[in-house]
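# Working through the structure, step by step
Here's the letter readout for the chains.
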Amino acid sequence: MKIPTTITLFAILSLLTLSSNAQSILCAGMTNDENASENVKFELEIKKDKTPSFKDFGPFYKSTLKFFYSTGRIFNGADISDKMSQRPNRVVFTGSLPEKRNLTLNYNANGELEGGIVNYDTKIMNQPVQCTQSGLKVSPGACPANQDQNRALLNAIKNSNDMALIENAIECGADVNKADRKGCTPIMFAVDPTCGENNSISYSSSFRKTALLIDTLAANGAFVNVADKKGETPLIKAAKLNVKDVYDTFISLEAEFDAQDELGNTALMYAVQNGDAWPVEQLMEGNPDRSLKNKSGRTAYDIAKRRSKEDIMDLVRIADTSVEIQGMEDGTCSPLQINLKQGQVVDFTLKATDKMFKLDSQPLGLDLMADRNSTDKRTFSADTSGEFKFTCGFHGAGTPSEGTIVVQ
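The residue numbers shown here count from 1 along each chain, following its written sequence. Owing to the predicted nature of the model, reporting of local features is limited to residues with pLDDT of at least 70; listing and counting of side-chain atom pairs is limited to 80 or more, with chain, interface and lining totals taken over all residues. Calculated side-chain values reflect all of the structure's heavy atoms, with hydrogen atoms and water omitted.

Buried, partly exposed and exposed residues are distinguished by accessible area as a fraction of the type maximum, computed with a 1.4 Å probe on protein chains only: under 20%, between the cut-offs, and over 50%, respectively. For the purposes of this entry, the term helix denotes a DSSP run of H or I that reaches at least four residues, the term strand denotes a run of E that reaches at least two, and both are numbered from the N terminus. The buried fraction of helix H7 (residues 267–274) is high, at 6 of 8 residues. Turning to H7, its buried residues are Ala267, Leu268, Met269, Tyr270, Ala271 and Val272. Structurally, H7 contributes buried residues whose contacts are with helix H5 (234–240), helix H8 (277–284), helix H9 (300–306) and helix H10 (310–316). Note on H7: the residue one or two positions beyond its end, Gly275, has a positive phi of about 80 degrees. The contact criterion used is simple: two residues touch if any of their non-hydrogen atoms lie within 4.5 Å.

Encoded structure:
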């Protein structure tokens, strides 16, 4: 039996008998995968680790995740919890990847266990489960008395990058949109720990949880398009500081990619100015307006041209026309005949179905791969006339569609 790759919890099981699970916490639920042939019961058991490897970090725990199939086969999943942290009104058992693997036990105002949430990579995401304790008693934490939670939140973001401290401050009442006297909000500090200071900094690779922190703050009501006194939004700050791998998060939060600061610069313009193609490529996924000009009258393309960055120039050229290739359910693509004029700058987009699609035209240097239910986009200049072949279809399929791009 194939283990489901996308599992959705659809029901809560009744409490299980725990007489054989002394000194443990046992959570149970039922999974359902539209691609699987059966519903699968699962159990998650947590026990205290008697021989922790890192004693200085507090109590550690061991866990086992089991899937039970109707065939009688039992599959033991990977360990997902090794450390406990006590939060206000909840307890979190956290594994080596806290943003992907954890179990949260929720308590009511009387300190009674009400249930749990399992988050296990992409298999069980934020799904409620029924939990009970047997022997192993844990209790939620409490908010520190007489603590300025707004200050605690900013200090946790700027100094520690400790997600537990950040989440604690939010749960204890910190205002995620409270700006300091220089107009900097927590989400701005998440991108730029020196927000509001005169000196600029370079992005620190040690601040690894930027995307997670932005997402956490936004999930708790933080405004993603707020600007400071210089007109800089969190997105603009990220591009200005050459932060990488956060732009998918800004896209999902519907950030304004065309916002301009007091100098008229957009996030794209700052990314181009930095001269690193990678953030520019990531920013382009947000479909920014390449025709915008700053107060000096320059577009992102003008900035790239002044810096003689040809690879970036190709990314931010202002297109003359656009072409969209649609992946079809049967693995073919449409259209397969494309007519262009020589010298045109073209926005070329590949759109996938619920399966990954790939388009390749070696003569034109086009190589696009659209993930499931998403798109991939390239901008290129049709400088040479002629007929150029391309293939398009399911990624990994043996017989993709064949098409022609005609440049006249």
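On we go from here.
Taken in spatial order, the 4 strands make up an open sheet running E12-E11-E14-E17, and their pairing is mixed. Here the strands that pair on one side only, and so sit at the sheet edges, are strand E12 (333–334) and strand E17 (375–381). As judged from the 6 bridges shared by strand E11 (residues 321–327) and strand E14 (residues 345–351), these two strands associate in the parallel manner. The residue bridging Thr321 from the neighbouring strand is Val346, located in E14. We call two strands paired when DSSP finds no fewer than two bridges between them.

Quick look at the nonpolar core now. Residues belong to a common nonpolar core when they are buried Ala, Val, Leu, Ile, Met, Phe, Trp, Tyr or Cys residues joined through side-chain atoms within 4.5 Å. Residues Leu217, Phe250, Val272, Leu283 and Val316 are the most contacted members of the largest nonpolar core, which totals 53 residues. Among all residues touching Phe250, those that are not within four sequence positions of it are Val191, Ile214, Val224, Pro234, Leu235, Ala238, Ala255 and Phe257. Ala370, Phe388, Cys392 and Val407 belong to the second-largest nonpolar core, a separate cluster that totals 23 residues.

Our next topic: the pattern of salt bridges. By convention in these notes, a salt bridge is any Lys or Arg side-chain nitrogen within 4 Å of a carboxyl oxygen on Asp or Glu. One pass over the full model with this rule turns up 12 salt bridges. Of the charged contacts, one joins Arg87 and Glu167 as a salt bridge, the two residues approaching to 2.3 Å between their closest N and O atoms. Of this pair, Arg87 sits in strand E6 (residues 83–87) while Glu167 sits in helix H2 (residues 163–171), and the two are 80 residues apart along the sequence. For Arg87, a relative accessible area of 6% translates into the label buried. Between Asp367 and Lys358 there is a salt bridge; the shortest N-O distance is 2.6 Å.

A few words on helix H4 (residues 210–219). Where burial is concerned, most of H4 is hidden: 7 out of the 10 residues are buried. Along H4, the residues classified as buried are Thr210, Ala211, Leu213, Ile214, Thr216, Leu217 and Ala218. After H4 finishes, the residue Gly221 shows a positive phi value of roughly 100 degrees.

A separate point is the confidence of the model for the chain. On average, residues of the chain carry a pLDDT of 83, and 84% of them reach 70 or more. Note on scores: pLDDT gives the predictor's confidence for each residue, bounded by 0 and 100. pLDDT under 50 marks residues 1–21. Its contacts with residues more than four places away, or in other chains, come to 65 contacts. Scored below 50 in pLDDT, residues 203–207 shows 10 contacts in the model against residues more than four places distant or in partner chains.

Turning our eyes to something else, we now look at the layout of surface pockets. Only protein atoms enter the 1 Å grid used here, on which a cavity is any set of points holding a 1.4 Å probe that cannot leave and a pocket is any open set flanked by protein within 12 Å on both sides along at least five of seven lines; residues with an atom within 4 Å of a point are listed as lining. Grid points are joined across faces, edges and corners, and a volume is the space filled by probe spheres set on the points. Approximately 500 Å³ is the volume attributed to the second largest pocket. Gly falls in the polar group here, along with every residue not listed as nonpolar (Ala, Val, Leu, Ile, Met, Phe, Trp, Tyr, Cys, Pro) or charged (Asp, Glu, Lys, Arg). Across the lining of the second largest pocket, the residue classes break down as 7 nonpolar, 5 polar and 8 charged.

So, on to the sheet that holds strand E13 (residues 337–340). Across the sheet, which stays open at both edges, the 5 strands sit in the order E13-E19-E18-E15-E16 with mixed pairing between neighbours. Lying at the two open borders of the sheet, with one neighbouring strand each, are E13 and strand E16 (366–370). Taken over all neighbouring pairs, the strand axes of this sheet differ in orientation by 15 degrees on average, direction set aside. Comment: axis = line fitted to C-alpha atoms, over the contacting stretch for helices; angle = value between 0 and 180 degrees taken between N-to-C directions.

Moving on, we get to the packing of aromatic side chains. When two rings of Phe, Tyr or Trp (its six-membered ring) have centres within 6.5 Å they constitute a pair, described as stacked for plane angles under 30 degrees, edge-to-face for angles over 60, and tilted for the intermediate range. Applying the stated criterion to the full structure yields 6 aromatic pairs. Each member of the aromatic cluster is reached from another via a ring pair, and the members are Phe42, Phe67 and Phe75. The residue whose ring lies beneath Lys41 is Phe68, and the NZ or CZ to ring-centre distance is 4.8 Å. Charge-over-ring contacts are defined here by two conditions on Lys NZ or Arg CZ: a distance within 6 Å of the ring centre and an angle within 35 degrees of the ring normal. Directly above the ring of Phe189 sits Lys158, whose terminal nitrogen or CZ lies 4.9 Å from the centroid.

Turning next to the state of the cysteines. Count a disulfide wherever a pair of cysteine sulfur atoms falls within 2.5 Å. Counted under the stated rule, the structure contains 4 disulfides. The disulfide partner of Cys27 is Cys131, and the S-S distance across this bridge is 1.9 Å. Taking the sign of the torsion about the S-S bond as the criterion, the disulfide between Cys27 and Cys131, at about 115 degrees, is right-handed. Highlighted residues: Cys27 in strand E2 (residues 24–32) and Cys131 in strand E10 (residues 124–134), separated in sequence by 104 residues.

Between H7 and H8, the least distance of the axes is 8 Å, while the angle of their chain directions is 160 degrees. As summarised for this structure, H7 and H8 are arranged roughly antiparallel, according to the angle between their axes. In this structure, H7 meets H8 at a crossing whose hand is left-handed. Along its contact with H7, which presents Ala267, Leu268, Ala271 and Val272, the element H8 presents Val280, Leu283 and Met284. The labels follow the angle: roughly parallel below 35 degrees, roughly antiparallel above 145, roughly perpendicular from 65 to 115, and oblique for the rest. Two helices that cross are described as forming a left-handed crossing if the nearer one is turned anticlockwise from the farther one by less than a right angle, and a right-handed crossing if clockwise.

Let's shift gears to the pairing of E6. By the bridge criterion, 5 bridges tie E6 to strand E7 (residues 90–94) in an arrangement that is antiparallel. Residue Ser85 lies in a different strand from E7, and its bridge partner there is Val92. Between E6 and the antiparallel strand that follows it, E7, lie 2 residues; Asn89 among them carries a positive phi value of about 65 degrees.

Moving on, we get to the packing of H2 against H4. Across the interface, H2 lies against H4 with an axial gap of 11 Å and an inter-helix angle of 10 degrees. It follows from the interaxial angle that H2 and H4 lie roughly parallel. Between H2 and H4, the contacting residues are Met163, Ile166, Glu167 and Ile170 on the first element and Leu212, Leu213, Thr216 and Leu217 on the second. Here the contact of H2 with H4 is composed, by residue class, of 6 nonpolar, 1 polar and 1 charged.

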